[in-house]
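# Structural characterization, general
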Amino acid sequence: MAGSGLKEIFSTIYAPITADKMLTGHAYSRAVRGHTLVYLALSNIILQSFTISDEMKKQLNDLFLNSNHNPIEFDQIYNENVIIQLIKQFKNQLDVLKKNGATSKLWLQ
């Protein structure tokens, strides 16, 4: 993972020596937490690039907050048109970002 930027990112969250240990397989729970934070940060960056219409926002609000699916089941949510549209938009954005070079492609795996 040399040159991927993980060490630099982990060093902003944890001490540099801890980041080295995380990347060599030690400090396992910290490594899992660090990878989760990086994953969430990348997802947030990708989602901020989306244009979500007011109609889609209303549909999402109705789906999750005013839902009669009690409890909400994954299969019901996954087949909703608004969710399918968001998944397509997310995948399209990933394809665009992968074309930015080898490092982008690595981070998006």
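Conventions used here
Residues numbered from 1 in each chain as written. Predicted model: local features only at pLDDT ≥ 70, side-chain atom pairs only at ≥ 80, totals over all residues. Heavy atoms only, no water. Helix = DSSP H or I, 4+ residues; strand = E, 2+ residues; numbered from the N terminus. Buried < 20%, exposed > 50% of the residue type's maximum accessible area, 1.4 Å probe, protein only. Contact = heavy atoms within 4.5 Å. Areas by Shrake-Rupley, 256 points an atom, 1.4 Å probe, with all protein chains shown as cover. Expected span 1.5 Å × (residues − 1). Arc of directions from axis to C-beta. 1 Å grid on protein atoms, 1.4 Å probe; cavity = no way out; pocket = protein on both sides within 12 Å on 5 of 7 lines; lining within 4 Å. Points joined across faces, edges and corners; volume = space filled by probe spheres on them. Nonpolar A, V, L, I, M, F, W, Y, C, P; charged D, E, K, R; others polar. Axes fitted to C-alpha atoms, helices over the stretch in contact; angles between N-to-C directions. Parallel < 35°, antiparallel > 145°, perpendicular 65-115°, else oblique. Salt bridge = Lys/Arg side-chain N within 4 Å of Asp/Glu carboxyl O. Core = buried A, V, L, I, M, F, W, Y, C linked by side-chain atoms within 4.5 Å.

## Topic: the overall build of the protein
Across its full length, the protein carries seven helices and zero strands. Counting over 109 residues, the protein shows a buried share of 21%. In the protein, the share of contacts with a sequence separation of at least 24, taken over all contacts with a separation of at least 6, comes to 46%. As presented, the protein carries roughly 8100 Å² of accessible surface, and 56% of it is formed by carbon and sulfur atoms.

## Some thoughts on helix α6 (residues 81-98)
Each α-helix winds once per 3.6 residues, and so residues spaced three or four apart point in a common direction. Here α6 is 18 residues long and its end C-alpha atoms lie 26 Å apart, about the 26 Å a rise of 1.5 Å per residue gives. Those residues of α6 not exposed but buried are Val82, Ile83, Leu86, Gln93 and Leu94. All buried residues of α6 project into a common sector of 115° when viewed along the axis, lining one side. Summarising the geometry of α6, the exposed residues directed more than 90 degrees from the buried face are Lys88 and Lys91.

## Quick notes on the layout of surface pockets
A volume near 440 Å³ is recorded for the largest pocket. Contributions of two or more residues to the lining of the largest pocket are made by α3 (28-48), α6 and α7 (102-107). Considering every element that reaches the lining of the largest pocket, the biggest residue donor is α3, with seven residues. For the lining of the largest pocket, the residue count by class is 13 nonpolar, four polar and no charged.

## Observations concerning the packing of helix α1 (residues 6-13) against α3
At a minimum axis separation of 11 Å, α1 and α3 run at an interaxial angle of 105°. Overall, the two elements α1 and α3 adopt an arrangement that is roughly perpendicular. Contact residues: α1 offers Leu6, Ile9, Phe10 and Ile13, while α3 offers Gly34, His35, Leu37 and Val38.

## Some thoughts on the pattern of salt bridges
Enumeration according to the criterion identifies two salt bridges in this entry. For Lys7, the salt bridge is made with Asp20, and the minimal N-O distance between the two is 3.0 Å. With Lys7 in helix α1 and Asp20 in helix α2 (residues 16-23), the pair connects residues that are 13 residues apart, well separated along the chain. For Lys7, a relative accessible area of 39% corresponds to the partly exposed category. Asp62 is the partner of Lys58 in a salt bridge, and the nearest nitrogen-oxygen pair spans 2.9 Å. You can see Lys58 and its partner Asp62 sitting in helix α4 (residues 54-64), four residues apart, about one turn around the helix.

## Points about the nonpolar core
Core analysis: the largest hydrophobic core is formed by 11 residues, namely Ile46, Phe50, Met56, Leu60, Leu63, Ile77, Val82, Ile83, Leu86, Leu94 and Leu108. Of all elements in the fold, only α4 and α6 reach the threshold of two or more residues within this core. Ignoring sequence-local partners within four residues, the contact set of Val82 consists of Met56, Gln59, Leu60 and Leu63. Counting residues in hydrophobic clusters, the runner-up holds seven residues, among them Phe10, Ala19, Met22 and Ala31.

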